[in-house]
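# Residue-level structural notes
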Amino acid sequence: MASDHPSTPPPGAAADWTVPQDWASYTPADHATWDTLFARQVDMLRDRAAPEFLAGVDILRLSRPGIPDFAELSERLHRATGWEVVAVPGLVPDAVFFEHLANRRFVAGRFIRRPDQLDYLSEPDVFHDVFGHVPLLADPVFADYMQAYGEGGLRAQGFDALTNLARLYWYTVEFGLVRTTQGLRIYGAGIVSSRGESVFALDDPSPNRLGFDLARLLRTDYHIDTYQQSYFVIDSFADLLDQTRNTDFAPLYAQVAGLPALAPDAVLPHDRVWHRGTQAYARQPSLA
Ligand code: PHE
Ligand code: FE
């Protein structure tokens, strides 16, 4: 993920903000944390995640024990789609993030969460970044989408539209659902890497599940620190790629710049409603 903090790389990082993963420095406890997280997600995701995600887990051999070595992971990934995984110290500036994506490099945090943070942490660690994001990069269509997104990010900077474009990333790459012949499936990295949200996103009556609508998403606010109030359902990765890569966003940015943002729980008259959420979860007094 990106953020717009000051823009010189920290000591020890290269000009493009990458650092060595230093795989040898992980402790047995670090690897054990990965294994615990992997084991509990992979069983649950068998009939919840998009088939392309599960195929990626196999192609990349992520079921082997321990935190993956990025060099080896990149070799497999490169063979599949020409992408690589590179380590960064933490959040990187937007332009750096987009530039890597546009060149088919996925930036991943190298640190792993502490054992008391298995269910939640606020910064992306190697489990979120690698288990959550990298399997789909082994899918040729999604791989092209991520590259196109990077190029779109570099372009959006010129239109002062990063807030809008970030919403697209959030509701697809991080929290997207996809329609399949078996019903709705998860593909968003923020969901697949979270035990609680993997159930909530598909099964809980609280959140809205609405059809993907590009111009609408560019206006839709989101929560970064609790489960989403709305999830958006794409018809297929091919359709997502087609609608984004082949649409000039400049007129869309101009159009939405004049409109108010939409609340995370909004349901509009023209939304395709898969499920109208009760929002019971968001309205719990304990969260207020
Ligand atoms: N087609 C978009 C544009 O004109 C670029 C883009 C592609 C953005 C895919 C997001 C995802 O800016
Ligand atoms: Fe992420």
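Quantities reported herein were computed from a predicted structural model and do not represent experimental measurements. (Residues numbered from 1 in each chain as written. Chains lettered and ligands numbered in written order. Predicted model: local features only at pLDDT ≥ 70, side-chain atom pairs only at ≥ 80, totals over all residues.)

## Considering the sheet that holds strand β9 (residues 273-275)
The strand order across the open sheet formed by 5 strands is β6-β5-β8-β7-β9, and the pairing between neighbours is mixed. What marks the edges here is a single partner per strand, and that holds for β6 (183-186) and β9. Across the sheet, the mean angle from the axis of one strand to that of its neighbour is 35 degrees, orientation sign disregarded. Strand direction decides the pairing type here: strand β7 (residues 208-211) and β9, joined by 2 bridges, are antiparallel. Across the sheet, residue L210 finds its bridge partner in β9, namely V273. Sheet strands touched by helix α9 (residues 195-203): β5 (177-180), β6 and β8 (230-234). Its angle to β6, the strand with the most contacts, is close to 155 degrees. (Pairing = 2+ DSSP bridges. Helix = DSSP H or I, 4+ residues; strand = E, 2+ residues; numbered from the N terminus. Axes fitted to C-alpha atoms, helices over the stretch in contact; angles between N-to-C directions. Contact = placed C-beta atoms within 7 Å.)

## Structural notes on the nonpolar core
Ranked by size, the top nonpolar core spans 69 residues in total, and within it L77, V85, V134, L137 and I186 carry the most contacts. The biggest single contributor to this core is helix α5 (residues 126-137), with 7 residues. V134 has contacts with L60, L73, L77, V85 and F106, leaving out every residue within four places of it along the chain. (Core = buried A, V, L, I, M, F, W, Y, C linked by C-beta atoms within 7 Å. Buried ≥ 20, exposed ≤ 12 C-beta atoms within 10 Å, placed from the backbone.)

## Re the site of ligand 1
In the region of ligand 1, the neighbouring residues are A148, Y149, G152, R155, L168, T244, R245, T247, D248 and F249. At the level of secondary structure, the elements contributing two or more residues to the shell around ligand 1 comprise α6 (140-158) and α11 (237-245). Among the elements that make up the shell around ligand 1, the one with the highest residue count is α6 (4 residues). A breakdown of the residues in the shell around ligand 1 according to their chemical character gives 4 nonpolar, 3 polar and 3 charged. (Near = placed C-beta within 6 Å. Nonpolar A, V, L, I, M, F, W, Y, C, P; charged D, E, K, R; others polar.)

## Comments concerning the packing of α6 against helix α7 (residues 162-174)
Interhelical geometry of α6 versus α7 gives an angle of 160 degrees and a closest axis separation of 9 Å. With respect to α7, the axis of α6 lies roughly antiparallel. Along this stretch, α6 crosses α7, giving a crossing that reads as left-handed. Counted together, Y149, G152, G153, A156 and Q157 of α6 and L162, L165 and Y169 of α7 form the full contact between these two elements. When grouped by side-chain class, the residues that make up the contact of α6 with α7 number 5 nonpolar, 3 polar and no charged. (Parallel < 35°, antiparallel > 145°, perpendicular 65-115°, else oblique. Left-handed = near helix turned anticlockwise from the far one by under 90°.)

## Structural notes on α5
In a regular helix each residue adds 1.5 Å, so 12 residues correspond to 16 Å; α5 covers 15 Å between its end C-alpha atoms and thus fits that length. In terms of residue burial, α5 counts as a mostly covered element, since 12 of its 12 residues are buried. (Expected span 1.5 Å × (residues − 1).)

## Quick look at the confidence of the model for the protein
Of the residues in the protein, 97% have a pLDDT of 70 or more, and the chain-wide mean is 95. For this predicted complex, the interface confidence comes out at an ipTM of 0.95, alongside a pTM of 0.96. (pLDDT = per-residue confidence, 0-100.)

## What to know about unusual backbone geometry
Its identity is not glycine, yet W17 carries a phi of approximately 75 degrees, on the positive side. In this fold, W17 is placed in the loop between β1 (2-3) and α1 (28-45). Located in the positive-phi region is R104, a residue other than glycine, with phi close to 60 degrees. Looking at the element boundaries, R104 is found in the loop between α4 (94-102) and β4 (105-109).

## A word on the packing of α4 against α6
Where α4 contacts α6, the axes come no closer than 7 Å and their chain directions differ by 145 degrees. In this structure, the crossing between α4 and α6 has a hand that is left-handed. Taking contact as the criterion, the partners of D94, A95, F98, E99, H100, L101 and A102 in α4 are, on α6, M146, Q147, Y149, G150, E151, G153, L154 and Q157. When its residues are assigned to classes, the contact of α4 with α6 shows 7 nonpolar, 5 polar and 3 charged.

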